[in-house]
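What follows is the residue order along each chain.
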Amino acid sequence: MDQRTLLALTLSFILLLLYQVYLSLYVPPAPQPVTQSLSQATGTAPAEGTAPSNGKPLPSAGNVTGNTMSQALTAPTQLTQLVPSTRRDREGQSDSAYASFSNRVMSGRIALTGAQLIDVQLLQYKQRLGSDAQPVHFLSTDMSQFLIEEGGFLSNNNLSMPTRQTEWRVEGNQHIDGQGRLRLVWSNNSGLLFEKIYEIEADSYILKVEDRITNQGTLPVSAHHYIHLLRTQPAKHDSGDQSSWGFEGPMGFFRDIRSQQKSGDSRIQQDYDSLRKSDAHEEAQKGWIGFSDKYFMAAVVSAPEKMTRKFYFDYDAPVFRTGVVSPQQLVTPGSNQIISHTLFIGPKRLDLLKQQGMDLERSIDYGWFHFLAEPLEQLLNFFNRFVHNYGIATILLTILVRLVVYPLTKKSSQAMNVMKQLQPEMEALKKRYADDKAQLNQAMMQLYQKNGANPLAGCLPILLQLPVFVALYNVLYLSVEMRHAPFFLWIEDLSAMDPYYVLPILMGLSMLIQTKLNPTPADPVQAKVFLFLPLIFTVMFLSMPSGLMLYWLVSNIIGIAQQMYLMKQISPTSQGAT
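Residues numbered from 1 in each chain as written. Predicted model: local features only at pLDDT ≥ 70, side-chain atom pairs only at ≥ 80, totals over all residues. Heavy atoms only, no water.

### Considerations on the nonpolar core
- Ranked by size, the top nonpolar core spans 112 residues in total, and within it F101, L117, L122 and F138 carry the most contacts.
- Take this core: its biggest share by element is 10 residues, from helix 12 (residues 460-478).
- Setting aside chain neighbours within four positions, we find F101 in contact with M106, S107, G108, R109, L117, V120, H175, I176, L182, I200 and L207.
- Within the second largest apolar cluster, 10 residues are counted, among which are V418, M419, L422 and L447. (Core = buried A, V, L, I, M, F, W, Y, C linked by side-chain atoms within 4.5 Å. Buried < 20%, exposed > 50% of the residue type's maximum accessible area, 1.4 Å probe, protein only. Helix = DSSP H or I, 4+ residues; strand = E, 2+ residues; numbered from the N terminus. Contact = heavy atoms within 4.5 Å.)

### Examining the packing of aromatic side chains
- Enumeration according to the criterion identifies 16 aromatic pairs in this entry.
- For the pair Y125 and F296, a centre-to-centre distance of 5.4 Å together with 80 degrees between the ring planes defines the contact as edge-to-face. Of this pair, Y125 sits in strand 3 (residues 116-126) while F296 sits in strand 15 (residues 296-301); the two residues are 171 residues apart in sequence, bridging distant segments of the chain.
- F296 sits in the buried class, given a relative accessible area of 3%.
- On the basis of an interplanar angle of 70 degrees and a centroid distance of 5.0 Å, the ring pair of F382 and F386 is categorised as edge-to-face. With F382 and F386 both in helix 7 (residues 370-387) and 4 residues apart, this pair spans about one turn of that helix.
- Judged by its relative accessible area of 60%, F386 falls in the exposed class.
- Feature note: the residues Y125, F138 and F296 constitute an aromatic cluster, connected by ring pairs.
- Across the ring face of Y98, the terminal group of R109 is positioned such that the distance to the ring centre comes to 4.1 Å.
- The cationic tip of K294 hangs over the ring face of Y477; the distance from NZ or CZ to the ring centre is 3.9 Å. (Phe/Tyr/Trp six-rings, centres within 6.5 Å; stacked < 30°, edge-to-face > 60°. Lys NZ or Arg CZ within 6 Å of the ring centre and 35° of its normal.)

### Thoughts on the environment of M251
- Mapping M251 onto the fold places it in strand 12 (residues 249-258).
- The spacing of M251 and M297 is 46 residues in sequence and 9.6 Å in space, taken between C-alpha atoms.
- Not counting residues within four places of it along the chain, the set of residues in contact with M251 comprises R267, I268, Q269, W288, I289, G290, S292, F313, R362 and S363.

### Some thoughts on the environment of L154
- Note on placement: L154 falls in strand 5 (residues 147-155).
- Judged by its relative accessible area of 2%, L154 falls in the buried class.
- For the pair L154 and A223, spaced 69 residues apart in sequence, the C-alpha separation works out to 5.3 Å.

### Here's the deal with a nonpolar patch on the surface
- Taken together, the side chains of M497, Y501, I505, L506, L509, L512, L531, F532, L535, I536 and V539 make up a nonpolar region of the molecular surface, amounting to roughly 940 Å² of accessible area.
- Listing elements by their share of the nonpolar patch, those giving two or more residues are helix 13 (502-517) and helix 14 (524-540).
- At 5 residues, the largest contribution of residues to the nonpolar patch is made by helix 14.
- Mapped onto the secondary structure, I536 falls in helix 14. (Patch = residues over 30% accessible without salt bridge, like charges linked within 9 Å, V, L, I, M, F, W, Y side chains within 5 Å. Areas by Shrake-Rupley, 256 points an atom, 1.4 Å probe, with all protein chains shown as cover. Salt bridge = Lys/Arg side-chain N within 4 Å of Asp/Glu carboxyl O.)

### Here we look at the side chain of S302
- Position of S302 relative to the elements: it lies in the loop between strand 15 and strand 16 (309-316).
- A relative accessible area of 9% means that S302 is categorised as buried.
- Those residues in contact with S302, other than ones at most four positions away along the chain, are K286, G287, R309, F311, S340 and H341.

### What about helix 8 (residues 390-404)?
- With 15 residues, helix 8 extends 21 Å between its outermost C-alpha atoms, agreeing within 8% with the 21 Å of an ideal straight helix rising 1.5 Å per residue.
- Every buried residue of helix 8 is listed here: Y390, G391, A393, T394, L397, T398, V401 and R402.
- Sitting at the amino-terminal end of helix 8 is N389, which places a side-chain oxygen 2.8 Å from the backbone nitrogen of G391. (Expected span 1.5 Å × (residues − 1). Polar contact = N/O pair within 3.5 Å; in protein donor to acceptor, adjacent residues only side chain to side chain.)

### Section: the pairing of strand 1 (residues 98-102)
- Among the 5 residues that make up strand 1, 5 are buried, leaving the element largely enclosed by the rest of the structure.
- Residues Y98, S100 and S102 point to one face of strand 1 and A99 and F101 to the other, with burial holding for every one of them.
- Pairing of strand 1 with strand 2 (residues 106-111), which is carried by 5 bridges, proceeds in the antiparallel orientation. Within strand 2, the position partnered with F101 by the bridge is G108.
- Counting the residues that bridge the hairpin from strand 1 to strand 2 gives 3 residues. (Pairing = 2+ DSSP bridges.)

### Section: the pairing of strand 15
- Where burial is concerned, most of strand 15 is hidden: 6 out of the 6 residues are buried.
- Residues F296, A298 and V300 point to one face of strand 15 and M297, A299 and V301 to the other, with burial holding for every one of them.
- Pairing geometry for strand 14 (residues 280-292) and strand 15, over 5 bridges, is antiparallel. By the bridge assignment, F291 is partnered in strand 15 with A298.
- Count of turn residues in the strand 14/strand 15 antiparallel hairpin: 3 residues.

### Description of unusual backbone geometry
- Cis peptide bonds are those with omega within 30 degrees of zero, and the linkage from A317 to P318 qualifies with 10 degrees.
- Secondary-structure assignment places P318 in the loop between strand 16 and strand 17 (319-325).
- Phi at D203 is positive, roughly 55 degrees, even though this residue is not glycine.
- Position of D203 among the secondary structure elements: in the loop between strand 9 (192-200) and strand 10 (206-215).
- Even without a glycine there, the phi angle at D359 is positive, about 65 degrees.
- If you trace the backbone, D359 turns up in the loop between helix 6 (350-356) and helix 7.
- According to the relative accessible area criterion, D359 is buried, its value standing at 17%.

### Observations regarding the packing of helix 7 against helix 8
- Look at helix 7 against helix 8: their axes get within 8 Å of each other, and the N-to-C directions meet at 130 degrees. Viewed along their axes, helix 7 and helix 8 adopt a mutual orientation that is oblique. The element helix 7 and its partner helix 8 pack so that their crossing is right-handed. Contacts between helix 7 and helix 8 involve L376, L379, L380, N381, F383, N384 and V387 from the first element and Y390, I392, A393, T394, L396, L397, L400 and V401 from the second. (Axes fitted to C-alpha atoms, helices over the stretch in contact; angles between N-to-C directions. Parallel < 35°, antiparallel > 145°, perpendicular 65-115°, else oblique. Left-handed = near helix turned anticlockwise from the far one by under 90°.)

None of the figures reported here should be taken as evidence of function without further support.
See below:
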């Protein structure tokens, strides 16, 4: 591989990086338009004990029959049927229509009509900067960010089952503060008692959901359990929480997949556009499925019991669904069937997700260099625990990374300095053999061998450093810890752009200084490319998050200092090569 080829590969990598950054900043994914508002949607709600006539059935699990599917609670095309209480809620429905909960990190409401989890606020995260900012509403019936949870049982028998119109009642406390259980009950007056229990943990983003069916009749009942999340595709918000850098959308991670296409463990990502074209499902022993955004996620984690379940992704305008159906269970007279699942609704913080022990950390997609990104994020959080400022933590992490890769930097700098010392002789050879390329190449090789020089030695160490820098780049861009994290003075949010463009301009100037310190390429085209790169980077990164610009600027400054130091440490042998 010659020097031009290596340069072409390096520039191609940089252009690919720039292209993805450009997409994330200026070309957000277009949301599917929904023309009906919640207050304008009309239509006849399904009768009690029946399913809506429109919409797709749930995917079958095990031996679920077509008759069962006809009774599934499907996703109708009108959002008032998804949340029947919404219309009344806009007319001033009282708090008695909800069961509610709160702890230190989140609060939420469950509509008694339909027993749907329709609202969850993440109390430690604000929608925007400012003392008057409201908490993030991650589950909501608002049209711009519609996301709710629902679940229950499906039956093969022609029995009255709970629907979205079912009026549940609360047994016990209707509001839980801190830690406790919310218990909702409904009877079909034909021998079946249904219970839905939400267990709230103190200071946790976990909700444990338990669905129970008790057979108080004289005949056995066959039932399947399902639980899913319903969502419209979110629009891009001013806060920049949605981008195309890093995956956002329907996602799941499954253990022991049982399908013809794959087996073992796998993370599945289904973008919104692909689900508009075709549905998808996986059969697995256990796992989680849900919706993942840049900083937050909502996921259903399957019950701990080992059984093959069907996890499904589908679209039924205007909502997408991610959920799980369990195999058929027989409930004999006098017995009950209990299915437990876990809901995680919260920030995609690596340490927090790992603490759950549910593989939820697999929702963070750092790309090819995930194995490097995880320890870098842990180091970032380690530094922040001491300095309590993610800007300073970023600087400390950058210094540490630069020290670790210093041996590679040293080799690269020494190689470039050797080539710089040989520039006069190389120019003389080019003039001497201007009309004989073969003789020129042979003379160049002899010159390199005589002085122990390698034209690729200066580039290879830089290429070896790229995975580290790309991994760190992803950590700083995707970490929820950087969201609304202040630095100093005018930098109030490290996840937002520098409002005065100070950091990107300084970054561009530092790149220019680095370019001037390097030996000028013999090829005038290469020389011009390297000279214009700082300007290109500056223009492209004007709108980049200030945390990334801080990292890049500090990295360049350290690189300049290392390069100047190494230039003074050139051995007499190298100097004598000229």
